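A look at the structure
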Amino acid sequence: MIILKPSWISHNGMPIFSIDIHPDGTRLATGGQGRDSGLVMLWNTAAVLDENSENDENVPKMLCQVDSHLASVNCVRWSHSGKFLASGGDDKIIMVWTLSKYPNSGNIVFGTKNIVNIETWKCMFTLRSHSGDILDLAWSPHDSYLASCSVDNTIIIWDAQKFPSVHKVLSGHTGLVKGVSWDPIGKYISSQSDDRTLRIWRTSDWKTDTIVTTPFKDCGGNTSVLRHSWSPDGQYLVSAHAMNNNGPVAKVIERDGWTYEKDYVGHRKAVNCVRFSNSIMERKVGKKNHHMCLCAVGSRDTNVSVWQTGLKRPVVVLESLFQGPVLDLSWSTNGLNLYACSYDGTIAILIFDPKDIGKALSNQDKNIIFEKMYGISPSERHNNNLLIENPAILKMNGTQQSEIQEVGPKKEIKQASPNVIKPSPPILKKQIETRTSDGRRRITPIFIPPTPDNAEEINVLPFSSSSECKSQVVVERVNNIIEPNISNSCSNFSQESQTPTIIDSTIPRSTPTSVLQISPSRGESKKRPEPVALVSNLFSTKKIKFNNLEDNEISSDARPNFGQITMQKRKFTISNSCTDRIVVENDKCNTINGPISKMKVYSNNLIAWEKVFSSSVVKYCTNKTLSLIVVALSDCTVHIIGSKNGSLICPPYVLSSVVTSISSNNHYLLCMTQNSLSVWNIYKQECVLHEEKLNTLVCSNKNKPVNVQKCMLTENGTSIITLTTGKSYMFSISAKCWMMIGDSGDAIYSNSSQKNKHNGLNKTSGKYPLSVMQTYSSRYKSNLDFKDTEGISELCSKSFLEQQMSASLALESDKEYKYWLMAYVSYLIEREDNDRLRHLCQDLLGVSHGYSSHKKVETIIGISKHELLRDVLGIIAGSRSTQRLFTEFHDQLQQMSELND
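Keep in mind it's a predicted model, so treat the numbers as computed, not measured.

1. Some remarks on the overall build of the protein chain
- Tallying secondary structure elements over the protein chain gives 14 helices and 55 strands in all.
- Restricting to contacts in the protein chain with at least 6 residues of sequence separation, those with at least 24 account for 56%.
- In the form shown here, the protein chain has an accessible surface area of approximately 43700 Å², with 49% of it arising from carbon and sulfur atoms.

2. Quick look at the pattern of salt bridges
- Inspection of every chain in the model, using the stated rule, returns 24 salt bridges.
- When the shortest N-O distance is used, the salt bridge between arginine 77 and aspartate 328 registers 2.9 Å. Placement of the pair is arginine 77 in strand β6 (residues 73-78) and aspartate 328 in strand β28 (residues 326-331), with a sequence separation of 251 residues.
- A salt bridge links lysine 798 to aspartate 833; its shortest N-O distance comes to 3.3 Å. On the criterion of sequence distance, the pair formed by lysine 798 in helix α10 (residues 792-811) and aspartate 833 in the loop between α11 (814-830) and α12 (834-845) is long-range, its members being 35 residues apart. Taken individually, lysine 798 and aspartate 833 each receive the classification buried, so the pair is uniform in this respect.
- Linked by salt bridges that have partners in common, Arg77, Asp136, Arg227 and Asp328 make up one network.

3. Looking at the packing of α11 against helix α13 (residues 865-876)
- At a minimum axis distance of 10 Å, the contact between α11 and α13 shows a crossing angle of 35 degrees. Considering how the two elements wind past one another, α11 and α13 form a crossing that is right-handed. Residues Tyr817, Lys818, Leu821, Met822, Val825, Ser826 and Ile829 of α11 lie in contact with α13, whose contacting residues are Leu868, Asp871, Val872, Ile875 and Ile876.
- Within the contact of α11 with α13, the residues separate by chemical class into nine nonpolar, one polar and two charged.

4. Considerations on the pairing of strand β3 (residues 27-33)
- Judged by how many residues are buried, β3 sits mostly within the fold: six of seven residues are covered.
- Pairing of strand β2 (residues 16-21) with β3, which is carried by five bridges, proceeds in the antiparallel orientation. Note that in β3 the partner of aspartate 20 across the bridge is alanine 29.
- Between β2 and the antiparallel strand that follows it, β3, lie five residues; glycine 25 among them carries a positive phi value of about 80 degrees.
- Where β3 and strand β4 (residues 38-44) come together, seven bridges link them in antiparallel fashion.

5. Quick notes on the sheet that holds β2
- Strand order in the open sheet formed by four strands is β2-β3-β4-β5, and the pairing between neighbours is antiparallel. Lying at the two open borders of the sheet, with one neighbouring strand each, are β2 and β5 (62-66). Averaged over neighbouring strand pairs, the angle between their axes works out to 15 degrees when direction is ignored.

6. Section: α13
- Here α13 contains 12 residues, and its C-alpha end-to-end distance of 16 Å stays within 8% of the 16 Å for a straight helix at 1.5 Å per residue.
- Residues Lys865, His866, Leu868, Leu869, Val872, Leu873 and Ile876 constitute the buried set of α13. Here the buried residues of α13 occupy an arc of 150 degrees about the axis, which is enough to place them on one side.
- Two or three places before histidine 866, at the opening of α13, serine 864 has a side-chain oxygen 3.3 Å from that residue's backbone nitrogen.

7. A word on unusual backbone geometry
- The omega torsion of the bond from phenylalanine 163 to proline 164 falls at 5 degrees, within 30 degrees of zero and hence cis.
- Relative to the helices and strands, proline 164 is located in the loop between β14 (154-159) and β15 (166-171).
- One non-glycine residue with positive phi stands out, namely asparagine 153, at about 75 degrees.
- Phi is positive for threonine 302, close to 70 degrees, though the residue is something other than glycine.
- By secondary structure assignment, the location of threonine 302 is in the loop between β25 (288-299) and β26 (304-308).
- Relative accessible area serves as the criterion here: at 13%, threonine 302 is assigned to the buried category.

8. Observations concerning the environment of tryptophan 206
- Relative to the helices and strands, tryptophan 206 resides in the loop between β18 (197-202) and β19 (208-212).
- Excluding anything up to four places from it in sequence, tryptophan 206 contacts Tyr145, Ile157, His167, Lys168, Leu170, Trp182, Ile189 and Trp201.
- There is a polar contact of 3.3 Å between the side chain of tryptophan 206 and the side chain of histidine 167.

9. Digging into the confidence of the model for the protein chain
- The predicted model of the protein chain has a mean per-residue pLDDT of 76, with 70% of residues at 70 or higher.
- Long-range and interchain partners of residues 498-579, a stretch whose pLDDT sits below 50, account for 206 contacts in this model, where long-range means more than four residues apart.
- Here residues 779-786 is a poorly scored stretch, pLDDT under 50, and it has 19 contacts once near neighbours within four places are set aside; other chains count.

10. Focus on the sheet that holds strand β39 (residues 581-591)
- A sheet is described by the order of its strands in space; here three strands give the open sequence β39-β40-β41, paired in antiparallel fashion. Looking at which strands have only one partner, the edges of the open sheet turn out to be β39 and β41 (606-613). Each strand of the sheet is rotated relative to its neighbour by a mean of 20 degrees, with strand direction disregarded.

11. Looking at the pairing of strand β8 (residues 93-99)
- Of all seven residues in β8, six are buried, a share of seventy percent or more.
- Sheet analysis places strand β7 (residues 84-89) next to β8, joined by five bridges and oriented antiparallel. Each residue of the ladder has a partner; that of alanine 86, found in β8, is valine 96.
- Count of turn residues in the β7/β8 antiparallel hairpin: three residues, of which lysine 92 carries a positive phi of about 70 degrees.
- Where β8 meets strand β11 (residues 121-128), seven bridges bridge the pair, whose relative direction is antiparallel. By the bridge assignment for β11, tryptophan 97 is matched with cysteine 123.

12. What to know about α12
- Along its 12 residues, α12 runs 16 Å from first to last C-alpha, staying within 8% of the 16 Å computed at 1.5 Å per residue.
- Among all positions in α12, only Leu837, Leu840, Cys841, Leu844 and Leu845 are buried. The arc that holds the buried residues of α12, viewed along the axis, is 135 degrees, so those residues lie on one side. Residues of α12 that are exposed and point over 90 degrees away from its buried face: Asp835 and His839.

Here is what the cut-offs are and how they apply
Residues numbered from 1 in each chain as written. Predicted model: local features only at pLDDT ≥ 70, side-chain atom pairs only at ≥ 80, totals over all residues. Heavy atoms only, no water. Helix = DSSP H or I, 4+ residues; strand = E, 2+ residues; numbered from the N terminus. Contact = heavy atoms within 4.5 Å. Areas by Shrake-Rupley, 256 points an atom, 1.4 Å probe, with all protein chains shown as cover. Salt bridge = Lys/Arg side-chain N within 4 Å of Asp/Glu carboxyl O. Buried < 20%, exposed > 50% of the residue type's maximum accessible area, 1.4 Å probe, protein only. Axes fitted to C-alpha atoms, helices over the stretch in contact; angles between N-to-C directions. Left-handed = near helix turned anticlockwise from the far one by under 90°. Nonpolar A, V, L, I, M, F, W, Y, C, P; charged D, E, K, R; others polar. Pairing = 2+ DSSP bridges. Expected span 1.5 Å × (residues − 1). Arc of directions from axis to C-beta. Polar contact = N/O pair within 3.5 Å; in protein donor to acceptor, adjacent residues only side chain to side chain. pLDDT = per-residue confidence, 0-100.

Quick look at the structure:
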């Protein structure tokens, strides 16, 4: 065995948290901390393993360095095909990299003088869904999925065929999830957490199969990662940090019954990482050849041990290999090279002799072993839905093995291949030109695709009029004057209420289309339009999203004067699947008593149910919490229907005029008409707000034309409206009046230096309703045209922060209240306003004297005041000018906590 420690592989002395070797063995990826950002570096293994190449100046050592992560990179993992490299870190995002076909080699790394990238790796996908640091990544067999785990206590399964689509979120852990690993057979995925459990999940339904707790009940959360691993034959799962007789071990969990009677022992401190080689080794012991698996174990005691299944003692134990904890391990494809990295910022390579550990089996020999054990080879398993593991079934089929499973929907999952080129979106060759009421032209832009790696295969429209061929773009002019639409592009947090003006993707292009018109009154004086169809994503088994819309969070844009709706051509296309959809055909047939409209709901490309209405459908929305579809008709009625079977939940609601906007969130339903707003609790069948007139809002904006720019319903049933004047209102049920929660045209808002604090909030999540609404009305224009000699700007900033806190309280938005409270504290510290800080801390502390049995810790919208005070003191501690204030309240808080305990 040979041990190598190349000193030139380094992150400038910073820790290296992860290491992974490319499947072809030519590149080594490391991830860790850079000087001011996360760092991913690729190294040439030829210079690592061969001394002559290392000394040859013409052989590059570093291939590429990327510092796109904003914080430390905790994990890097190559896909099994070697096409992609995934990296995740403390910035809560995952980046999926691929080698560019058009490399810009020789470019100097930004911020350096002599570091040159030999290869160009570009970020193909950025995956954002975790709310905390990402600690571990794992690709599934055949690269169908990518799993990630985080300190937000969840595991996210990403659909690798549809990045950045989330396939499933696995919830159940109550502590930080620090490790995730796939069963090589593909039936299970495992995760290990600080909650002292190791969970094994089924991939057929993504439910928990087993929770292993006993080996971990005495473990502490003193490991930065818990990287466990499955053996390449799928028979064993070796955990990270476990305990046996008060000593740290790596627990061996057997697939058969999930028993755990064996340990890998010898390490003096907790085990951080375990990694099996993907190769099955054939080794001669005595006179017989045995098939064995190689397993490496890394610990906080800086040691690395290597084991082989079937042997009682380790193959080798390397003590004091590093000066810091071992954090990650990786095996080469041939099973002879082991790579390890440490917190001390160095790596080590262990090169084994086949005489010591045996020779790796070929893929053909591995397939034979899998067929004996599971009745199917891994390659056949990828294209087969059944996995046999039950001995009785195997005996009946003349094989030997155990279990039957059906994985996922009954359809073939195609592996991502480097040679497969995804078709580009179609290039539209027609522009539509319209005119608004004020005479301005509106032109629908043509989609021009970005230049991908396969750009030579895409026919791009000519840009210049000097081109030899004549432009094929046709401009279609529409003479009808239309009302300018309010843009909805800056909101991704909720699904719009739908108007049935969407053309079904199944309708031929020659089918005539028409404009759906909604009469402002009960009577329909205008001629009925031709039927049009509506397509929408509905309760899909796979979590398919349009524009990153969240389930159960449905809102809409509305305008009080909604006399006519202009037809919009929208087509939703989901590649490689038949999506669930709703098809609405208004005026499907004419009868003596009037026309009948028809609704069809499809599931798996089959009609799940059908329903007819005596009036045209004008709006609809879905509620995933209660499995409902809410449909508004032109006869001023609202129908609540069960989405599973189409049954009518209750008699239709009757309103005073036609619905112009409809949305549903949690247990609540909001309907807006031309002049009023109503809210119901549809779960309890109770009215929360009955036709509240919008005249109040119109009267408060007399000098400006008023339209509703954004209408939203929070999870607790509070209705919020943003007007085109820039003002946002919420209706308080308790106060029975409208409250103004924001005004972007207000002088105080415009001249506050703190208004850009909005950027620190998630403006696409329903958990931040205040931020979402104010995003629609933000103008960021200053109204002051004089020199600020009297501190007006400072007072504006303070007033703005106080307004944000009060609005968050009224909306009962705990996350936003805490955010603006901390911003307020930071501002007071910056201005050295110790009086206000003291008053704030005293209010959070409460009464610090009296009998403890009579004292209760108060809360603010569910947040403990003492917890808020601890966070406030954490900010105060960062300033020297407020040290005495910190000491005073910190001591009092500590004493009160001890008394309460």
